Amino acid sequence: MTRTTRTSPGDGDHVVRVAAVGDIHLSPGCEGLLRPAFATLPDCADVLLLAGDLTRHGTVDEARVVAEEVRDIGVPVVAVLGNHDYHSDEEGAVSRTLRSTGVSVLEGESAILPVAGHRVGVAGVKGFCGGFAGRSAGAFGEPEMRAWVRLAHIGAERLASALEELAAGRCDVRIALTHFAPVPDTLAGEPVEIYPFLGSYLLAEAIDSVGADLAVHGHAHLGTEHGMTAGGVRVRNVAQPVIDRAFALYELPVRGREAA
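Thresholds applied
Residues numbered from 1 in each chain as written. Predicted model: local features only at pLDDT ≥ 70, side-chain atom pairs only at ≥ 80, totals over all residues. Heavy atoms only, no water. Helix = DSSP H or I, 4+ residues; strand = E, 2+ residues; numbered from the N terminus. Rg over C-alpha atoms; globule rule 2.2 N^0.38 Å. Buried < 20%, exposed > 50% of the residue type's maximum accessible area, 1.4 Å probe, protein only. Contact = heavy atoms within 4.5 Å. Areas by Shrake-Rupley, 256 points an atom, 1.4 Å probe, with all protein chains shown as cover. Lys, Arg positive; Asp, Glu negative; His and termini not counted. Charge placed at Lys NZ, Arg CZ, Asp CG, Glu CD. Salt bridge = Lys/Arg side-chain N within 4 Å of Asp/Glu carboxyl O. Arc of directions from axis to C-beta. Pairing = 2+ DSSP bridges. Axes fitted to C-alpha atoms, helices over the stretch in contact; angles between N-to-C directions. Core = buried A, V, L, I, M, F, W, Y, C linked by side-chain atoms within 4.5 Å.

## A word on the overall build of the chain
A count of helical and extended segments in the chain gives seven helices and 14 strands. Its C-alpha radius of gyration of 17 Å places the chain within 12% of the 18 Å reference for a compact globule of 260 residues. Counting every position in the chain, which comprises 260 residues, the buried fraction comes to 53%. For the chain, long-range pairs separated by at least 24 residues make up 74% of all intrachain contacts whose partners lie at least 6 apart in sequence. Approximately 11000 Å² of the chain is accessible, and the part contributed by carbon and sulfur atoms is 52%. Charged side chains in the chain number 22 positive and 34 negative. The centres of these two groups are separated by 4 Å.

And the structure:
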């Protein structure tokens with residue numbers, strides 16, 4: 001069963017219907033697990049977002065299972081990879097396998113989709129950890145620590161650049177898609193000791209610096225679905241253990257923008 005959430009009220013608005021899920025962790029033996037639910041998407045959604053950790057160990061065999069679950073489901077599919085998808089150092093092949101069935105796999109890139117009569121833009125990046133304001137890692141000390149923090153900065157910079165592409169592309173709806181969390185709100189329920197490993201405030205700064213209508217992420221299995229950036233962008237944790245269904249549904253009102 002799915003629940004539809006409107007990000008804000010407004011009778012009579014045009015809406016874009018977004019289905020999203022992350023952390024599905026598929027592998028051989030899971031064939032057909034999500035396919036029946038995904039087959040219903042043309043009736044209830046305009047696009048499907050996959051928020052990383054699509055496989056268990058990041059192998060091509062596992063990616064093939066994911067690819068077949070979303071092959072020809074009748075709506076565009078946009079994905080980012082997660083840390084599990086990098087585990088076997090086959091992330092390039094995993095991405096190619098997903099793309100072979102039409103999935104747009106983003107890493108510091110954007111996709112503009114003509115759906116529901118509107119231009120829907122998705123900016124995607126895996127992101128990285130590092131922590132949140134007042135309790136974050138700093139680029140100081142050992143080269144390993146500086147490299148770790150730099151990776152978080154690179155992910156945020158790529159996300160900002162992709163969002164800027166959407167702004168320049170005059171998208172009617174703009175969505176930030178990451179695996180790691182941009183805010184601590186959606187981590188509530190996780191042990192506070194591991195918050196620095198679940199996301200980074202740099203992602204939220206990137207989102208707020210350019211603007212978006214919705215931010216979607218996964219990774220935090222024990223977290224909470226709803227959150228918000230300091231700039232007022234709604235954030236949704238769609239890790240499957242959090243939403244407890246095949247996908248979550250969100251309606252994004254399209255206000256005062258010219259439909260394509």
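Having put the structure on the table, let's press on.
## Some words on the pattern of salt bridges
Side-chain pairs of opposite charge can arise where the charged atoms are in close proximity. What the rule picks out here adds up to six salt bridges. For D61, the salt bridge goes to R64, with nearest N and O atoms at 2.5 Å. On the criterion of helical spacing, the pair formed by D61 and R64 is a turn pair, its members being three residues apart in helix α3 (residues 60-70). Residue class for D61 comes out partly exposed when judged on its relative accessible area of 46%. Here R150 and E157 are joined by a salt bridge, their closest N and O atoms 3.1 Å apart. Take R150: its relative accessible area is 42%, and that puts it in the partly exposed class. With a relative accessible area of 42%, E157 lands in the partly exposed category.

## Let's talk about helix α4 (residues 91-99)
For α4, the complete set of buried residues consists of V94, S95, T97 and L98. Viewed end-on, α4 has its buried residues packed into an arc of 160°, placing them on one side of the element.

## Re unusual backbone geometry
Phi at D23 is positive, roughly 60°, even though this residue is not glycine. Within the element layout of this structure, D23 appears in the loop between β2 (14-21) and α1 (35-38). If you check the backbone angles, D244 has positive phi at about 60° while not being a glycine. Tracing the chain through its elements places D244 in the loop between α7 (240-243) and β14 (248-254). You can call D244 exposed: its relative accessible area is 68%.

## Some words on the environment of H87
Mapping H87 onto the fold places it in the loop between β4 (77-80) and α4. Look at H87 and you get exposed, because its relative accessible area is 57%. Considered as a pair, H87 and G58 are 29 residues apart in the sequence and their alpha carbons are 5.4 Å apart.

## A short note on the sheet that holds strand β10 (residues 173-178)
Here six strands make up an open sheet; going across it, the order is β6-β7-β10-β11-β13-β12 and the pairing mixed. Only two strands of the sheet have a single neighbouring strand rather than two, namely β6 (109-115) and β12 (226-228). Between one strand axis and the next, the sheet turns by 25° as a mean value, whatever way the strands run. Across three bridges, strand β11 (residues 214-217) lies against strand β13 (residues 234-237) in parallel orientation. For V216, the partnering residue across the bridge sits in β13 and is R236.

## Details of the environment of S136
Within the secondary structure, S136 is located in strand β9 (residues 135-136). Residues S136 and P196 lie 60 residues apart in sequence; the distance between their C-alpha atoms is 6.6 Å. Those residues within four positions of S136 in sequence are excluded, and the remaining contacts are G130, G131 and Y201.

## Overview of the nonpolar core
Residues F38, L41, L48, L49, L98 and V216 are the most contacted members of the largest nonpolar core, which totals 54 residues. Residues contacting L48, with those up to four places away along its chain left out, are A19, A20, F38, L41, V70, I73, V75, P76, V77 and V78. Membership of the second largest hydrophobic core comes to 24 residues, among which are C129, L163, F180 and A212.

## What about the pairing of β2?
Two strands pair when backbone bridges link them, and β2 and β14 are joined in this way by seven bridges, in the antiparallel orientation. Pairing of A19 across the sheet is with L249, part of β14. Across four bridges, β2 lies against strand β3 (residues 47-51) in parallel orientation. What sits directly across from A20, in β3, is L49.

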